[in-house]
Amino acid sequence: MKSTSHYLRVLAFGAMLSLSASAFAVPIGGVEFPQGAVSFADSVVSYTPGLVGGNPTDPHRGAANALGIPNYNGVNGCASQAACTFVSLGDGGNIVLRFVDNVLTGSDSSALDLWVFEVGPDVEDTLVDISTDGTTWISVGAVGGSTAGIDIDAFGFGSSSAFAYIRLTDDTLLDGQDGATVGADIDAVGAITTRRVTLVPEPGALGLLGAAFAALMLVSRRRV
Ligand SMILES: [Ca+2]
Ligand SMILES: [Ca+2]
Ligand SMILES: [Ca+2]
Ligand SMILES: [Ca+2]
């Protein structure tokens, strides 16, 4: 019969394993983000829909739906902002997002560094600008609708660059649609090449760490 300390060791090992799982590359939305969920935009700085023309309807104006990992479920006509997985920019509108626990960096190669998850039945182009301070913007081109990536090294940046702000603007010249979800529809924005900027563990990770630590303490006490 196995001793209690054996089970405690297994418990501790399991907790450690779940903690380190986030360190492995996991494809999210079909794209590999080596840093996992931390790679995605964390807060909305501003949302200005329909600057040039048509405005999306209210259920499609939930700016926070562009945060976190992609979660588009194929539903395009939303009943409410809470039931929606994306935000529509409207004709010529824009949204400014911020990375809080990470920054976008270059890769020192032509590998893609930033990925915009644009969803829905229409392919709608989005102009992309990046910024270190949310005030001075640098254009890094456009993503051509659907989901698409950008290599910021092509614009003179590298692994020492650090951008916390992304501005996405619906390209009014390249689409002329209207309706409830007029303009580009943004589900998520992720930095493929990214660097964490804080070392504070998430509450869930803290709980796991605590459980692992308590189990280890019990094991060592029993050995005395
Ligand atoms: Ca993040
Ligand atoms: Ca790159
Ligand atoms: Ca749209
Ligand atoms: Ca979303």
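What counts, and at which threshold
Residues numbered from 1 in each chain as written. Chains lettered and ligands numbered in written order. Predicted model: local features only at pLDDT ≥ 70, side-chain atom pairs only at ≥ 80, totals over all residues. Helix = DSSP H or I, 4+ residues; strand = E, 2+ residues; numbered from the N terminus. Buried ≥ 20, exposed ≤ 12 C-beta atoms within 10 Å, placed from the backbone. Contact = placed C-beta atoms within 7 Å. Core = buried A, V, L, I, M, F, W, Y, C linked by C-beta atoms within 7 Å. Pairing = 2+ DSSP bridges. Axes fitted to C-alpha atoms, helices over the stretch in contact; angles between N-to-C directions.

Draft legend 1. Examining the overall build of the chain more closely. Helices and strands together make up the secondary structure of the chain, namely two helices and 13 strands. Within the chain, the proportion of its 224 residues that are buried is 38%. Sequence separation of 24 or more characterises 79% of the internal contacts of the chain that already satisfy a separation of 6 or more.

Draft legend 2. How the structure looks around the nonpolar core. The biggest cluster of nonpolar side chains holds 40 residues, and the ones touching the most others in it are Ala66, Ile95, Ile186 and Val189. Elements that contribute at least two residues to this core include exactly β5 (94-98), β7 (114-118), β8 (126-131), β9 (138-143), β11 (165-170) and β12 (185-191). Once residues lying within four places of it in the same chain are set aside, the contact partners of Ala66 are Ala41, Phe86, Val87, Ile95, Leu97, Ile186, Asp187, Ala188 and Val189.

Draft legend 3. Broad picture of the sheet that holds β9. The strand order across the open sheet built from five strands is β3-β5-β11-β8-β9, with neighbouring strands paired in antiparallel fashion. Lying at the two open borders of the sheet, with one neighbouring strand each, are β3 (43-48) and β9. Each strand of the sheet is rotated relative to its neighbour by a mean of 20°, with strand direction disregarded. Here β8 pairs with β9 via four bridges, running antiparallel. Paired with Asp129 across the strands is Ser139, a residue of β9.

Draft legend 4. Geometry of the environment of Ser39. Secondary-structure assignment places Ser39 in the loop between β2 (31-33) and β3. Through-space distance from the C-alpha of Ser39 to that of Gly190 is 5.3 Å; in sequence the pair is 151 residues apart. Dropping the residues within four chain positions of it, Ser39 is found in contact with Phe33, Asn102, Gly190, Ala191, Ile192 and Thr194.

Draft legend 5. Summary view of the environment of Asp185. Tracing the backbone shows Asp185 in strand β12. A sequence separation of 15 residues divides Asp185 from Asp170, and the C-alpha atoms of the two residues are 8.9 Å apart. Look past the residues within four positions of Asp185 in its chain and what remains in contact with it is Phe86, Ser88, Glu118, Val119, Gly120 and Glu124.

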